[in-house]
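# Observations on the model geometry
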Amino acid sequence: MKKLALLSLFLLMSFSYGQTQKKKNKSKKDVATTKVISLEERSNDIKADSDAVISPTGYEPKTLQEDENIIYNPTGIEVQPDFPGGNKNLFAFISKNFQYSNEMKENELKGRIIASFIVEKDGSISNIKVVRSIGYGTENEVIRVLKLMPKWAPGEQNGKKVRCSYNVPIMIYATKQ
């Protein structure tokens, strides 16, 4: 019984001494302050540095080369890239040029493929990738067809032609003959 009492006392003492001290309340001098500036003040700072670009961490100097390589999202620019004749002609072009393999026809392949690419400043297409595929060689056929496309009207931002990403969904309906 004495051993149990001593063990309990030892554990109680080790727990009480093992705890850390409470931290003191911080004084006003210890608390960091944050200066809040208005959007007007912020825009004046940026206007002073005409070669600045807004980033999540503030504004940073940009180089001409960095500006040339920016790839815009089509939903966020003033003029979106456009296939000659619009989306109706784009899908007609793809439908006309897509060739179904015998394997696709035998399996009566149906589904949606999503391809992405970049419309360059001159309207050419680059970086073609299949984001979503349904197999049976459809990826290679989609890439082949997209490489055949004529030049697009490029996207524009602030009156300048810009590189722009673009996604296109392609519906596949292969039937046995």
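Because the structure is predicted, anything quoted here is derived from the model rather than measured. (Residues numbered from 1 in each chain as written. Predicted model: local features only at pLDDT ≥ 70, side-chain atom pairs only at ≥ 80, totals over all residues. Heavy atoms only, no water.)

### Brief notes about unusual backbone geometry
Here is the rule: Each residue's exposure class comes from its accessible area (1.4 Å probe, protein chains only) as a fraction of the maximum for that residue type: buried when under 20%, exposed when over 50%, partly exposed otherwise.
Positioned with a positive phi, Asn-127 is a non-glycine residue whose angle comes to about 50 degrees. Even without being glycine, Tyr-136 reaches a positive phi, approximately 60 degrees. Overall, the relative accessible area of 38% leaves Tyr-136 in the partly exposed class.

### A word on the pattern of salt bridges
Pairing is possible between side chains of opposite charge, provided their charged atoms come close. What counts, and what does not: The rule for a salt bridge is simple: a side-chain nitrogen of Lys or Arg has to be within 4 Å of a carboxyl oxygen of Asp or Glu.
Under the defined criterion, the tally for this structure stands at four salt bridges. In this structure, the salt-bridge partner of Lys-161 is Glu-156, at a minimum N-O distance of 3.8 Å. Residue classification places Lys-161 among the partly exposed residues on the basis of a relative accessible area of 43%. A relative accessible area of 25% places Glu-156 in the partly exposed class.

### Some remarks on the pairing of strand β7 (residues 160-173)
When a strand is regular, its side chains alternate between the sheet's two faces. Note the following rule: One requirement defines pairing of two strands: DSSP has to find at least two bridges between them. A run of H or I in DSSP counts as a helix once it spans at least four residues, and a run of E counts as a strand once it spans at least two, with each numbered from the N terminus.
Across two bridges, the pairing between strand β3 (residues 71-72) and β7 is parallel. Following the sheet pairing, Ile-71 is matched in β7 by Arg-163. Bridge count for strand β4 (residues 110-119) against β7 is ten bridges, and the pairing is antiparallel. Looking at the pairing, Lys-110 lines up with Tyr-173 of β7. Sheet analysis places strand β6 (residues 155-157) next to β7, joined by three bridges and oriented antiparallel. Counterpart to Glu-156 in the pairing with β7 is Lys-161. Turn length for the β6-β7 hairpin, with the two strands adjacent in sequence and antiparallel, is two residues, and the turn residue Asn-158 shows positive phi of about 55 degrees.

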